[in-house]
Amino acid sequence: MELLLQKVGDVNKKWFKMAGLAFVIWYIVSRPEAAAGLVNQSLGGLGSAAESFSTFVSAIP
């Protein structure tokens, strides 16, 4: 019984990954400007986080 539930869980994970990937592709194709803006904002946020972390680490005596 446990093995069957594990197989069902693996199948669900596979389908969720495929659905997520299909959604990302659909979003990029249907709204390329918005997708590019989202990526740009995400990378800008990562840059800000890296800068803040660097400031924090240099403040440690």
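The notes below deal with the structure included here. (Residues numbered from 1 in each chain as written. Predicted model: local features only at pLDDT ≥ 70, side-chain atom pairs only at ≥ 80, totals over all residues. Heavy atoms only, no water.)

### Topic: a nonpolar patch on the surface
Point 1. Taken together, the side chains of F23, V24, W26 and I28 define a hydrophobic patch exposed on the protein surface, amounting to about 430 Å² of accessible area.
Point 2. Tracing the backbone shows I28 in helix α1 (residues 2–30).
Point 3. Residue classification places I28 among the partly exposed positions, given a relative accessible area of 47%. (Patch = residues over 30% accessible without salt bridge, like charges linked within 9 Å, V, L, I, M, F, W, Y side chains within 5 Å. Areas by Shrake-Rupley, 256 points an atom, 1.4 Å probe, with all protein chains shown as cover. Salt bridge = Lys/Arg side-chain N within 4 Å of Asp/Glu carboxyl O. Helix = DSSP H or I, 4+ residues; strand = E, 2+ residues; numbered from the N terminus. Buried < 20%, exposed > 50% of the residue type's maximum accessible area, 1.4 Å probe, protein only.)

### A word on the packing of aromatic side chains
Point 1. Applying the stated criterion to the full structure yields 2 aromatic pairs.
Point 2. With a centroid separation of 5.7 Å and an interplanar angle of 35°, the aromatic rings of F23 and W26 are classed as tilted. Taken as a pair, F23 and W26 lie in helix α1 at a separation of 3 residues, close to a single helical turn.
Point 3. Residue F23 is classed as partly exposed on the basis of its relative accessible area of 49%.
Point 4. Given a relative accessible area of 52%, W26 falls into the exposed group.
Point 5. Taking 6.2 Å as the distance between ring centres and 25° as the angle between the ring planes, the aromatic pair formed by F23 and Y27 counts as stacked. With F23 and Y27 both in helix α1 and 4 residues apart, this pair spans about one turn of that helix.
Point 6. By relative accessible area, which is 24% here, Y27 ends up partly exposed.
Point 7. An aromatic cluster of three or more residues is present, and its members are F23, W26 and Y27. (Phe/Tyr/Trp six-rings, centres within 6.5 Å; stacked < 30°, edge-to-face > 60°.)

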